[in-house]
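Listed below are the residues making up each chain.
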Amino acid sequence: MSTAPNPCSIRTPRNRAPRSLSIVIPCYNEEEVLPELRRRLKDLVAQYSFPVEVVLIDDGSRDNTWPLICQYSQEDTFVKAVRLARNFGHQTAITCGLDQTRGEVVAILDADLQDPPELIPEMIEAWNDGYDVVYGQRRKRAGESVSKKFFAFAFYRIFEKVAGLRVPRDTGDFRLMDRRAVDALQSLRERHRFVRGMVSWIGYHQKAIQYDRPERFAGVTKYPFRKSLFLAIDAITSFTYAPLRIASYLGFATSMFAFLYIGVVVVLKICGISFPGYTSIMAAILLLGGVQLSVLGILGEYIGRIFEQGQQRPLYLVDQVQGEPLDASVQTRQAKA
Ligand code: UDP
Ligand code: MG
């Protein structure tokens, strides 16, 4: 029996180990988790006979993160340490990490071990079945505040409705991608990046792997409510102009209400009924002022983004790079196979 892949099948199983694996990990003030992260990564890397690189991105930390990861890059041949020139934010740190990778498959993990590295073999199995993107989907989320869980719950559902793009619910950036998916993702150089949305946008063959998300191993979250809210706004504004449409509906509804109100007041006046003006005038001014300012605010969000995109600044700047686990000779893009 021939086992040659059928070129017309929608998804072709690969049925082989990847030629190389890169693991991208953004780190921001993560000194407390790094020793345990290193230990668990060492166990993972020891399982594989193909080359593995771990790209640790220091996103402008102010603690001992850089000295530690720089030391790891000198002691462990599989570690590449990259320091950004300042704190550019989680999504940009991931982008920088992906730019640095050379592996045929690339995994993205959080440094705090909430995305267990031990799930990578299962993800590689799915890659073997022909999937290009295998993402971790949270069955349970330990150690997160009720407000954060509620925010995440509401966000994914609202995003899906307004953006018309299905970003799998309850996922983070924990995923494994084939090189062609990484290259496609990296060709999108927009400034305000919502990586998990962009990965959904590129398509190809995607699959979820369910897991129970453990608590952060140590330290505190680097995503306070303010940052989560900004990420949500970035996500919505970079995938849809629905808020602008809602703004125009709001303006239209307010105008309709004003016409009705004027009609009623005129009729009442004809019938000899009139109200002293102060309260109603104040109410109208406040209502209209509020609506106008919110509409301007929504417009401003989009104009600000057009302005930043128009500046064409680089997405990030790198300060230092240490270690080169996968040199060009083991570069393993599929095209070179
Ligand atoms: N992170 C980063 N830059 C930032 C904020 C966070 O690189 O400005 C990293 C952080 O070190 C971690 C990952 O992004 O590896 C996710 O952050 P965190 O675990 O604090 O978020 P949470 O799991 O609480 O949402
Ligand atoms: Mg975390």
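For the structure itself, consult the block above.
A brief look at the structure comes next. What you see is a predicted model, and the numbers here were worked out from it, not measured in a lab.

## A word on a nonpolar patch on the surface
Now for step 1: A cluster of nonpolar side chains, namely Phe257, Phe259, Tyr261, Ile262, Val265, Val266, Ile270 and Leu287, defines an oily patch on the protein surface of about 840 Å² accessible area.
Now for step 2: Looking at where Tyr261 falls in the secondary structure, it is placed in helix H9 (residues 242-270).
Now for step 3: The partly exposed category is assigned to Tyr261, whose relative accessible area is 42%.

## Focus on helix H5 (residues 146-163)
Now for step 1: Between its first and last C-alpha atoms H5 spans 25 Å; for 18 residues at 1.5 Å apiece the expected length is 26 Å, and the two agree.
Now for step 2: Those residues of H5 that sit buried are Ala152, Phe155, Tyr156, Phe159 and Ala163. Angular distribution of buried residues about the axis of H5 spans 95°; they occupy a single face of the element. Opposite the packed face of H5, turned more than 90 degrees from it, sit the exposed residues Val146, Ser147, Phe150 and Lys161.
Now for step 3: Those residues of H5 that are buried lie in contact with strand E5 (133-141), strand E6 (171-178), helix H7 (195-202) and helix H8 (225-239).
Now for step 4: One or two positions beyond H5, positive phi appears at Gly164, with a value near 65°.

## What about the pattern of salt bridges?
Should their charged atoms come close, side chains of opposite charge can pair.
Now for step 1: Here the structure, examined in full by the defined rule, presents 28 salt bridges.
Now for step 2: In this structure, Arg139 and Asp212 form a salt bridge, with 3.1 Å as the shortest nitrogen-oxygen distance. In this pair, Arg139 sits in strand E5 while Asp212 sits in strand E7 (residues 206-213), placing the two residues 73 residues apart along the sequence.
Now for step 3: The partly exposed category is assigned to Asp212, whose relative accessible area is 38%.

## A short note on the site of ligand 1
Now for step 1: Close contacts around ligand 1 come from 19 residues, with Glu30, Asp59, Asp112, Thr221 and Lys222 the closest.
Now for step 2: Measuring from an oxygen atom of ligand 1, one finds a side-chain N or O atom of Asn87 at 3.1 Å.
Now for step 3: Between ligand 1 and Lys222, the relevant distance is 2.5 Å, taken from an oxygen atom to a main-chain nitrogen or oxygen of the residue.
Now for step 4: About the coverage of ligand 1: the protein hides 94% of its 530 Å² of free accessible area.
Now for step 5: Its residues assigned to classes, the shell around ligand 1 comprises five nonpolar, five polar and nine charged.

## Thoughts on H7
Now for step 1: Among the eight residues in H7, seven count as buried, and that is most of the element.
Now for step 2: Inspection of H7 places Val195, Arg196, Gly197, Met198, Val199, Ser200 and Ile202 among the buried residues, and these make up the whole buried set.
Now for step 3: Gly203 lies just past H7 and shows a positive phi near 80°.

## Topic: the layout of surface pockets
Now for step 1: The space that makes up the second largest pocket amounts to roughly 240 Å³.
Now for step 2: Looking at the lining of the second largest pocket, the elements that each hand over two or more residues are H5, H8, H9 and helix H10 (278-311).
Now for step 3: At five residues, the largest contribution of residues to the lining of the second largest pocket is made by H5.

## Brief notes about the environment of Arg83
Now for step 1: The topology assignment puts Arg83 in strand E3 (residues 79-84).
Now for step 2: Each C-alpha atom, one on Arg83 and one on Cys70, is 9.0 Å from the other, the two residues being 13 residues apart in sequence.
Now for step 3: For Arg83, the contacting residues outside a window of four places in its chain are Asp58, Gly60, Ser61, Trp66, Val318, Asp319 and Gln320.

## Things to note about the coordination of the magnesium ion (ligand 2)
Tetrahedral coordination by four donors places them ideally at 109.5 degrees to one another around the metal; octahedral coordination by six donors ideally gives 90 or 180 degrees.
Now for step 1: Ligation of the magnesium ion (ligand 2) by protein atoms is provided by Asp112 (OD) and Gln114 (OE1), these donors lying 1.9 to 2.1 Å from the ion.
Now for step 2: The class for Gln114 is buried, based on a relative accessible area of 9%.

Conventions adopted
- Residues numbered from 1 in each chain as written.
- Chains lettered and ligands numbered in written order.
- Predicted model: local features only at pLDDT ≥ 70, side-chain atom pairs only at ≥ 80, totals over all residues.
- Heavy atoms only, no water.
- Patch = residues over 30% accessible without salt bridge, like charges linked within 9 Å, V, L, I, M, F, W, Y side chains within 5 Å.
- Areas by Shrake-Rupley, 256 points an atom, 1.4 Å probe, with all protein chains shown as cover.
- Salt bridge = Lys/Arg side-chain N within 4 Å of Asp/Glu carboxyl O.
- Helix = DSSP H or I, 4+ residues; strand = E, 2+ residues; numbered from the N terminus.
- Buried < 20%, exposed > 50% of the residue type's maximum accessible area, 1.4 Å probe, protein only.
- Expected span 1.5 Å × (residues − 1).
- Arc of directions from axis to C-beta.
- Contact = heavy atoms within 4.5 Å.
- Near = heavy atom within 4 Å.
- Polar contact = N/O pair within 3.5 Å; in protein donor to acceptor, adjacent residues only side chain to side chain.
- Nonpolar A, V, L, I, M, F, W, Y, C, P; charged D, E, K, R; others polar.
- 1 Å grid on protein atoms, 1.4 Å probe; cavity = no way out; pocket = protein on both sides within 12 Å on 5 of 7 lines; lining within 4 Å.
- Points joined across faces, edges and corners; volume = space filled by probe spheres on them.
- Donors = N, O, S within 2.8 Å, 3.2 Å for Na, K, Ca; no water.

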